[in-house]
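# Structural characterization, general
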Protein chains: 2
Amino acid sequence: MNEHTVKAFDSDIGQLRGLISEMGGLAEDAIAKAMQALTRSDLALAAAVRENDRRIDELEAEVERQAVRIIALRAPLAVDLREVVAAMKIASVVERIADYAKNIAKRVPLIESEHRIEPVSILPAMGRMAAEMVRSALDAFAARDAAEAARVWDSDAPLDDFYDSIFRTLVTFMVENPTTISQVAHLLFIAKNLERIGDHATNVAEMVYFAATGEHLADRERGGLERE
Amino acid sequence: MNEHTVKAFDSDIGQLRGLISEMGGLAEDAIAKAMQALTRSDLALAAAVRENDRRIDELEAEVERQAVRIIALRAPLAVDLREVVAAMKIASVVERIADYAKNIAKRVPLIESEHRIEPVSILPAMGRMAAEMVRSALDAFAARDAAEAARVWDSDAPLDDFYDSIFRTLVTFMVENPTTISQVAHLLFIAKNLERIGDHATNVAEMVYFAATGEHLADRERGGLERE
């Protein structure tokens, strides 16, 4: 590439990163608002989360269009091409994360607000952990920060443990309060959605780490939790 | 494009379609085997489903590599570019479908085989419906068959109804048999995974329809079920 092309490419990729940052912010916001809607039985807020998801879908489509345009127009090689493809993949993961937040919001109207069940109160802490992972993963992407990506990866095991603990708590609650089972089943799905959000943030962290170092996070020298 | 380039492009896209067909076959197989593993408590088969998922991940990565290569090398325009990008997106959806099958397989060891619970018997029919949707969606893609894509789209509502009915059945079963709750919770997640597989098959159908007609399936003139 000549100097002009290099500059144009840098500007293009900068735009792509900007779009992904915007998506990440909206996804993080969607998680926080979905959890708020849940704890306050706020149907209007839940509806807003579902509505805002369209904007995230649009942004993903925009990332895709721009990425294809960059590849077709600039014909980037090796590292640059890897970065464009990574951007497209990360946008698709962020869209999936937002989808989980939307799914949480969709359950809010299904949970009766009149007989609020106590286990609702344990979910927001898990929601904050998941949203935090999403933010850190996107920060790592923006700063090409392999160390931050590794931290995100390490925080997935605690989130999984949290999920396991919530799962047990919810099942125990069901056993003791059989009339609440259908309500609590929704909470089980919500906890599972949060756990999946953490998995996807971990996927982003893996891509960022690989893009920055050329090595796979899972292969790092350390205690090495077995993950799939 | 000159004649040589056109031929080369056709051959490239043919290869891409071949890879996606292979992925689709494996995904369909994974769903069937995961459900078989579940009903027979066959841990070895469940482990095989998890193992085979790697091949599907590899194929998705291969589709991505080839798609990027085609775009960079042949610089396809308009319709052709739309087709390459659609192939990449469909591969990613098929990978997600296979992921759900893998998630089902992962639950098999968590469901005690000694005290088999009756509701397990209602899931295979839902599994067959979901797998059938995946096959039809991929057939529609291979044949660029908009009518077949529309049929897949129409079959998503019955699958959703099936899911709702299973959800109610499982919750009723939990209420009546509180000691089985943690077992039945796994079945709830499995039913949900099958419902999501149907959603993704529907996504594929939407992409096939759009690629073939330039119109959105949801905008067709007909009774018009409200979907999101």
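If you check an unreviewed UniProt entry, chain A appears there as Phosphate-specific transport system accessory protein PhoU from Sphingomonas metalli. What UniProt records for chain A under Function (unreviewed entry) is the sentence "Plays a role in the regulation of phosphate uptake." Turning to chain A, the UniProt annotation filed under Subunit (unreviewed entry) states: "Homodimer."

## Some remarks on the UniProt feature "domain: PhoU" (unreviewed entry) in chain A
Those places that UniProt annotates as "domain: PhoU" (unreviewed entry) correspond, in this numbering, to residues 20-108 and 125-208 of chain A. In residues 125-208 of chain A, the share of helix is 92% and the share of strand is 0%. The end C-alpha atoms are 26 Å apart.

## A short note on the interface of chain A and chain B
With 31 residues of chain A at the interface, the matching set in chain B holds 32 residues. Between chain A and chain B, a total of about 2,600 Å² is buried, with carbon and sulfur atoms accounting for 64% of that surface. At the boundary of chain A with chain B, the tally comes to 4 salt bridges. The tally of links from chain A across to chain B stands at 2 residue pairs in polar contact (both at pLDDT 80 or more). Only helix H2 (43-74), helix H3 (78-107), helix H6 (156-176) and helix H7 (181-213) of chain A provide two or more residues apiece to the side of chain A that touches chain B. Class assignment for the residues of the side of chain A that touches chain B results in 17 nonpolar, 3 polar and 11 charged.

## A look at the pattern of salt bridges
Taken as a whole, this structure holds 35 salt bridges over all chains when the rule is applied. Residues Lys102(B) and Asp53(B) are paired through a salt bridge, measuring 3.5 Å at the closest nitrogen-oxygen approach. In this pair, Lys102(B) sits in helix H3 (residues 78-107) while Asp53(B) sits in helix H2 (residues 43-74), placing the two residues 49 residues apart along the sequence. Exposure class is identical for Lys102(B) and Asp53(B). Each is buried. Among the charged side chains, a salt-bridge network with shared partners connects Asp53(A), Asp99(A), Lys102(A), Arg196(B) and Asp199(B).

Criteria and cut-off values
- Residues numbered from 1 in each chain as written.
- Chains lettered and ligands numbered in written order.
- Predicted model: local features only at pLDDT ≥ 70, side-chain atom pairs only at ≥ 80, totals over all residues.
- Heavy atoms only, no water.
- UniProt positions renumbered as here; feature names shortened; annotations may be inferred.
- Helix = DSSP H or I, 4+ residues; strand = E, 2+ residues; numbered from the N terminus.
- Contact = heavy atoms within 4.5 Å.
- Buried area = accessible area lost by both parts, 1.4 Å probe.
- Salt bridge = Lys/Arg side-chain N within 4 Å of Asp/Glu carboxyl O.
- Polar contact = N/O pair within 3.5 Å; in protein donor to acceptor, adjacent residues only side chain to side chain.
- Nonpolar A, V, L, I, M, F, W, Y, C, P; charged D, E, K, R; others polar.
- Buried < 20%, exposed > 50% of the residue type's maximum accessible area, 1.4 Å probe, protein only.

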